[in-house]
Amino acid sequence: MGRLDELHRQSLEDPQRFWGEAAQSIHWYRRPRVVLDDSNTPFYRWFSGGELNTCCNALDRWIDGGDGIDRRRADQVALIYDSPVTNTVARFTYRELRDAVATFAGLLQQLGVGRGDRVVIYMPMVPEAAIAMLACARIGAIHSVVFGGFAPHELAIRIDDAKPRVIVSASCGIEVKRVIEYKPLLDRAIEMAAHQPDRCVILQRPMAHASLVADRDIDWHEGVARVQPVPCVPVAATDPLYILYTSGTTGRPKGVVRDNGGHAVALRWSMSNIYGVQPGEVYWAASDVGWVVGHSYIVYGPLLAGCTSVLYEGKPVGTPDPGAFWRVISEHQVTTLFTAPTAFRAIKKEDPGGAHFRRYDLASFRALFLAGERTDPDTYHWATDLLRRPVIDHWWQTETGWPVAANCLGIEALPVKPGSPTKPVPGYQVDILAPDGTVLPATREGAIAIKLPLPPGTLPTLWNDDARFVSSYLTQFPGYYVTGDGGFFDADGYLNVMGRIDDVINVAGHRLSTGAMEEVIATHPAVAECAVIGVADELKGQVPVGFVVLKAGIETEPAIVEAALVQLIREQIGAVASFKRAHVVARLPKTRSGKILRATMRAIADGKPVDIPSTIDDPAALEEIKGALHPDSQQPA
Ligand code: COA
Ligand code: AMP
């Protein structure tokens with residue numbers, strides 16, 4: 001048995017011991033009473049009775065020492081802000097970052113934020129976003145970061161669910177060359193929301209000046225100028241650190257909760273064991289703090305591990321060219337890059353021969369990790385041929401917070417099989433289940449499920465909604481968490497993740513709900529009914545396409561309705577949805593009982609063999625969908 005298989009076995013046979021040992025890398029004010037608390041299944045808790053502070057573990061411990069930690073990291077760079085869109089590179093040592101965080105935490109406290117209060121953070125990729133997150137952690141407040149590309153309507157839904165006391169935002173973000181004013185979006189969201197925050201803290205950026213609402217809004221810099229830094233507050237290991245909303249199958253996003261103790265232990269473990277990075281090394285996750293990758297591997301993971309993290313405000317291409325990633329790696333001596341395959345497809349499209357790559361000295365660069373969607377073999381081969389370094393596909397999701405399947409470079413580098421994220425990581429027992437819940441043998445495709453208990457760092461529940469946590473994830477297969485992905489194991493135990501088997505799609509590494517888009521489209525007065533499905537896209541992996549049936553008597557030109565729907569999704573969900581195609585059709589394919597055949601539509605879109613259900617109401621409806629999706633094809637539906 002190889003080392004990975006051996007550790008995997010140990011982690012499942014004796015999780016108490018395995019994670020108890022891992023917990024020793026964390027600074028505790030009070031050691032946990034129990035490692036795995038199964039006194040209230042299926043709500044497992046990790047490290048009950050323990051007290052810690054995540055911000056202390058990420059910052060202060062590297063400065064103030066204790067627990068045998070050397071203090072030399074105080075002057076090591078903790079965070080590099082690299083922003084080609086503003087032509088800025090700024091570095092914060094651990095001490096500087098801690099001081100900025102402690103002061104901002106002082107401001108939050110002065111504004112009435114205490115332990116357990118929520119703070120919504122709606123920010124572009126600036127260091128202040130990370131500072132605000134860590135400041136919440138410092139005082140035991142719960143942050144909820146909302147991705148800046150979401151429109152006011154989506155932000156309002158999250159405000160109403162999280163009920164923040166304070167919202168932290170900025171005057172603007174920059175998308176390549178476009179200045180996007182955030183403040184009017186925030187104001188509109190607050191207008192739409194039923195819940196009203198007490199205060200908003202606004203970072204004024206030089207590219208746009210936000211007008212502040214009297215008695216509610218505070219300028220970030222003015223605010224921090226008049227407060228004192230505050231120390232870390234001990235919190236329970238089981239207290240929430242953050243809520244991160246993610247797309248489910250309906251318009252109501254799921255508030256994934258992350259605890260403090262399990263999260264710190266798991267992320268610290270993952271940095272050395274999965275990514276194989278050591279304290280002092282430079283780690284770069286080219287994502288956004290609004291996504292789970294940004295939470296885990298821009299902010300918390302690298303700092304918990306004493307690394308230097310890069311926070312990049314730019315794109316893989318266009319800022320200014322497809323050499324952007326190579327410039328950052330070379331300039332900051334990055335050892336490990338984590339991004340989404342779509343970023344590599346974008347680079348490949350603009351620089352297929354790698355001319356930009358060859359302009360830089362990449363001696364420091366050791367490995368590339370990809371996640372967010374499956375790494376297709378073409379992208380894998382292109383990246384491997386170009387980089388001549390390990391290219392590691394790894395699979396996880398917002399709910400798990402850290403990788404479920406990966407080639408664990410810090411444990412044992414296994415041979416790569418393109419298209420597979422290798423094997424389950426220690427802590428996760430992954431099974432492939434048939435619809436009746438039986439465990440399928442190798443090579444048989446089914447639902448990918450994880451046997452309970454989930455390891456530390458994974459979601460303990462959904463915010464204020466234990467019932468939805470159980471019904472969404474734990475009910476379909478008792479004793480298991482369902483991931484929403486389908487796939488199979490090969491004969492060597494390598495997992496293959498084939499894609500979502502629900503109404504979630506991944507667009508350029510961004511997770512979106514087709515159900516949410518359908519709810520928005522259904523509000524258009526001309527629309528009788530609709531279906532949105534994800535179709536394959538060469539660059540973005542998937543893009544959404546809508547099919548709508550108009551109400552009887554609507555005489556508006558289909559093209560006009562289609563354009564209006566594109567605009568509606570942009571306004572209500574955000575440009576990030578990349579919803580560019582809507583088709584008016586005479587009818588949607590349905591069963592005789594009226595269920596829309598979305599899976600059949602998806603199969604047509606992907607050019608897969610289509611099993612026409614015997615219960616179909618009107619086969620001609622499928623022909624119409626096929627004609628819209630493949631106008632030049634003769635393929636029978
Ligand atoms: N604020 C405001 N608008 C945003 C935004 C933000 N934070 N992020 C994206 N948008 C907008 C974009 O400007 C774009 O608008 P447009 O339709 O007017 O052009 C739209 O949302 C779609 O953005 P994006 O998905 O980024 O597509 P793109 O065509 O601009 O770039 C890629 C394509 C592949 C280069 C880009 O998606 C990318 O770098 N992806 C990597 C994703 C990633 O890191 N995911 C995290 C998981 S690891
Ligand atoms: P998110 O919650 O935004 O991280 O998205 C999680 C979803 O992205 C998963 O459920 C998968 O559908 C998809 N995903 C992430 N990483 C991979 C991967 N390496 N291979 C296949 N799908 C992936």
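Rules behind the numbers
Residues numbered from 1 in each chain as written. Chains lettered and ligands numbered in written order. Predicted model: local features only at pLDDT ≥ 70, side-chain atom pairs only at ≥ 80, totals over all residues. Heavy atoms only, no water. Near = heavy atom within 4 Å. Polar contact = N/O pair within 3.5 Å; in protein donor to acceptor, adjacent residues only side chain to side chain. Areas by Shrake-Rupley, 256 points an atom, 1.4 Å probe, with all protein chains shown as cover. Domains from an automatic or database assignment. Nonpolar A, V, L, I, M, F, W, Y, C, P; charged D, E, K, R; others polar. Helix = DSSP H or I, 4+ residues; strand = E, 2+ residues; numbered from the N terminus. Buried < 20%, exposed > 50% of the residue type's maximum accessible area, 1.4 Å probe, protein only. Contact = heavy atoms within 4.5 Å. Pairing = 2+ DSSP bridges. Axes fitted to C-alpha atoms, helices over the stretch in contact; angles between N-to-C directions. Salt bridge = Lys/Arg side-chain N within 4 Å of Asp/Glu carboxyl O. Parallel < 35°, antiparallel > 145°, perpendicular 65-115°, else oblique. Left-handed = near helix turned anticlockwise from the far one by under 90°. Buried area = accessible area lost by both parts, 1.4 Å probe.

Q: What is the right way to look at the site of ligand 1 in this model?
A: Around ligand 1, 24 residues are found, and the nearest of them are Glu175, Arg178, Lys315, Lys540 and Arg570. Taking His510, its side chain carries an N or O atom lying 3.2 Å from an oxygen atom of ligand 1. When the free accessible area of ligand 1 is taken as 930 Å², the share hidden by the protein chains comes to 83%. Both domain 1 (95-233) and domain 2 (503-629) contribute no fewer than three residues apiece to the shell around ligand 1.

Q: Help me understand the site of ligand 2, please; the structure alone is not making it clear to me.
A: In the vicinity of ligand 2 there are 16 residues, among which Asp393, His394, Thr398, Asp485 and Arg511 approach most closely. In the model, a nitrogen atom of ligand 2 is placed 3.3 Å from a nitrogen or oxygen of the Arg374 main chain. At a separation of 2.7 Å, an oxygen atom of ligand 2 approaches a polar side-chain atom of Arg511. Protein contact buries 94% of the 490 Å² of open area that ligand 2 shows by itself. Counted by class, the shell around ligand 2 contains five nonpolar, five polar and six charged residues.

Q: What is the right way to read the side chain of Ser11 from this model?
A: Residue position: Ser11 is located in helix H1 (residues 3-13). Ser11 gets classed as buried once you look at its relative accessible area, which sits at 2%. Here Gly427 takes part through its backbone nitrogen, which lies 2.8 Å from a polar atom of the side chain of Ser11. Discounting chain neighbours no more than four positions away, the residues touching Ser11 are Phe18, Pro426 and Gly427.

Q: Looking at this structure, how should I read the sheet that holds strand E5 (residues 77-83)?
A: The strands making up a sheet are joined through hydrogen bonds of the backbone, oriented either antiparallel or parallel. What the seven strands build is an open sheet, ordered E6-E5-E18-E17-E19-E20-E21; its pairing is mixed. The outermost strands of the open sheet, each flanked by one partner alone, are strand E6 (88-93) and strand E21 (391-393). Strand-to-strand twist in this sheet, taken as the mean axis angle between neighbours without regard to direction, amounts to 20 degrees. Running over the sheet, helix H12 (residues 341-350) touches strand E19 (334-339) and strand E20 (367-370) and is turned about 100 degrees from E19.

Q: Any chance you could explain the environment of Met1 here in plain terms?
A: When you line up the elements, Met1 lands in the segment before H1. The residues touching Met1, leaving out its near neighbours within four places in the chain, are Glu6 and Arg9.

Q: What exactly am I supposed to notice about the sheet that holds strand E1 (residues 28-30) here?
A: The strand order across the open sheet formed by three strands is E1-E4-E14, and the pairing between neighbours is antiparallel. Single-partner strands in this sheet number two, and they are E1 and strand E14 (235-236).

Q: I keep staring at unusual backbone geometry and nothing clicks. Help me out?
A: It is generally the case that most residues other than glycine have a negative phi and that most peptide bonds are trans. Cis geometry is adopted by the peptide bond preceding Pro42, which originates at Thr41 and carries an omega value of 5 degrees. By the secondary structure assignment, Pro42 is in the loop between strand E2 (36-37) and strand E3 (45-46). Pro320 follows Thr319 through a cis peptide bond whose omega is 0 degrees. Within the secondary structure, Pro320 is located in the loop between strand E18 (308-312) and helix H11 (324-332). Even without a glycine there, the phi angle at Thr443 is positive, about 75 degrees.

Q: For this particular structure, what's the right way to read the pattern of salt bridges?
A: Pairs may arise between side chains of opposite charge once their charged atoms sit close together. A full pass over the atoms with the stated rule returns 36 salt bridges. Among the ionic pairs, Lys423 bridges to Asp5, the shortest N-O distance being 3.3 Å. Note that Lys423 is positioned in strand E23 (residues 423-424) and Asp5 in helix H1, a separation of 418 residues in sequence. Judged by relative accessible area, which is 30%, Asp5 ranks as partly exposed.

Q: I would appreciate a short explanation of the packing of H12 against helix H13 (residues 377-387) in the present structure.
A: Describing two packed helices takes the angle between their axes plus the distance from one axis to the other. Packing of H12 against H13 brings their axes to within 10 Å, and their N-to-C directions diverge by 65 degrees. Classified by the angle their axes make, H12 and H13 are roughly perpendicular. The handedness of the crossing between H12 and H13 comes out as left-handed. Residues Pro341, Phe344, Arg345, Ile347 and Lys348 of H12 touch H13, and the partners they reach there are Asp378, Thr379, Trp382, Ala383 and Leu387. Looking at the contact of H12 with H13 residue by residue, the class counts come to six nonpolar, one polar and three charged.

Q: Would you mind showing me how to read the domain arrangement of the protein here?
A: Think of interface size as the accessible area that goes away when the parts come together; that is how it is often given. Taken domain by domain, the protein holds domain 1 (95-233) and domain 2 (503-629). The C-alpha centroid of domain 2 is placed 36 Å from the C-alpha centroid of domain 1. At the junction of the two partners, domain 1 supplies eight residues and domain 2 supplies nine residues. Overall, the association of domain 1 and domain 2 removes approximately 570 Å² of surface from exposure, summing both partners, and the carbon and sulfur fraction of that is 57%. Of all residues in domain 1, the largest losses of buried area upon contact with domain 2 belong to Phe150, Ala151 and His153, amounting jointly to 51% of the total for that side.

Q: What should I look at first to understand the environment of Arg30 in this one?
A: On the secondary structure map, Arg30 appears in strand E1. Classification of Arg30 as partly exposed rests on a relative accessible area of 49%. Sequence separation of Arg30 and Pro197 is 167 residues, and the distance between their C-alpha atoms is 34 Å. Excluding anything up to four places from it in sequence, Arg30 contacts Gly49, Gly50 and Glu51.

Q: Help me understand the environment of Val404 in this model?
A: Turning to its location among the elements, Val404 is positioned in the loop between E21 and strand E22 (405-406). Residue Val404 is classed as buried on the basis of its relative accessible area of 1%. Once you skip the residues sitting within four places of it in the chain, Val404 turns out to touch Trp395, Trp396, Lys423, Pro424, Val425, Tyr428, Val430 and Ile450.

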